[in-house]
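Structural features, examined
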Amino acid sequence: MVWSQSTQTLAGPDSKKSQAGVPVEPDMHEFMEYVFQPTYKRLKQSIAAEPENRKAWKSIKSDALILAEGGNLLLLHEPKDNGTSWNTHSVNVRKEGGLLYKAAKARDFKVARKHYEAMLKNCNACHQDFADGEHQLAP
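All values reported here derive from a predicted model rather than from experimental measurement.

Cut-offs used in this document
- Residues numbered from 1 in each chain as written.
- Predicted model: local features only at pLDDT ≥ 70, side-chain atom pairs only at ≥ 80, totals over all residues.
- Heavy atoms only, no water.
- Phe/Tyr/Trp six-rings, centres within 6.5 Å; stacked < 30°, edge-to-face > 60°.
- Buried < 20%, exposed > 50% of the residue type's maximum accessible area, 1.4 Å probe, protein only.
- Helix = DSSP H or I, 4+ residues; strand = E, 2+ residues; numbered from the N terminus.
- Axes fitted to C-alpha atoms, helices over the stretch in contact; angles between N-to-C directions.
- Parallel < 35°, antiparallel > 145°, perpendicular 65-115°, else oblique.
- Left-handed = near helix turned anticlockwise from the far one by under 90°.
- Contact = heavy atoms within 4.5 Å.
- Nonpolar A, V, L, I, M, F, W, Y, C, P; charged D, E, K, R; others polar.
- Expected span 1.5 Å × (residues − 1).

**Quick look at the packing of aromatic side chains**
- Enumeration according to the criterion identifies 2 aromatic pairs in this entry.
- Aromatic side chains F31 and F36 sit 5.8 Å apart centroid to centroid with 65° between the ring planes, which places their arrangement in the edge-to-face category.
- Residue class for F36 comes out buried when judged on its relative accessible area of 9%.
- Here the aromatic rings of W86 and F130 are separated by 5.1 Å at their centres, their planes lie at 90°, and the arrangement is edge-to-face. In this pair, W86 sits in helix α3 (residues 83-105) while F130 sits in helix α4 (residues 109-130), placing the two residues 44 residues apart along the sequence.
- A relative accessible area of 28% means that F130 is categorised as partly exposed.

**Description of the packing of α3 against α4**
- Where α3 contacts α4, the two axes come as close as 8 Å, and the packing angle between them is 165°. Taken together, the axes of α3 and α4 lie roughly antiparallel to each other. Crossing of α3 over α4 shows left-handed handedness. In this structure, α3 contributes S85, W86, H89, N92, V93, E96, G97, L99, L100, A103 and A104 to the contact, and α4 contributes V111, A112, H115, Y116, A118, M119, N122, C123, A125, C126, D129 and F130.
- In terms of residue class, the contact of α3 with α4 is built from 15 nonpolar, 6 polar and 2 charged.

**Describing α3**
- With 23 residues, α3 should cover 33 Å at 1.5 Å per step; its first-to-last C-alpha distance of 33 Å lies within 8% of that length.
- Buried residues of α3: G83, S85, W86, H89, S90, V93, E96, G97, G98, L100, A103 and A104, and no others.
- Among the structural elements, α1 (28-46), α2 (54-74) and α4 are those in contact with the buried residues of α3.
- Downstream of α3 by a residue or two, R107 has a phi angle that is positive, lying close to 55°.

**Description of the environment of N87**
- Relative to the assigned elements, N87 resides in helix α3.
- Spatially, the C-alpha atoms of N87 and N72 are 9.5 Å apart, while their sequence positions differ by 15 residues.
- In this view, N87 contacts L75 and E78; residues no more than four positions away in its chain are not counted.

Structural measurements only, silent on function.
Printed below as a string of structure tokens:
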């Protein structure tokens, strides 16, 4: 049996019930503080200089993938107003985070850094649109 949060019931593998995503934490501030902020802070340190070893690259790959997949989670939190802008920013986080992840897999620091900065530029644009310009992130 698998717990299906979207239906609030136990659903077996043959269940026809919806498996749509549902936010666990609906408050965006809480969501950002506990999902994105720690990951961003680790990544900021990891990508400040070219990694010297496999372990350092692994840290960048991990955090890049978490942030890229976080873009998918953001799509579950669409606000009542300006949803088109929200979705665009969410998809761009996913895209740039994914490209950062791929560059880290290839151990290409120059390209990884480029996509890291592009992702943060998008994060800051979203914060401008939805948080009155607060929470601007520095590369």
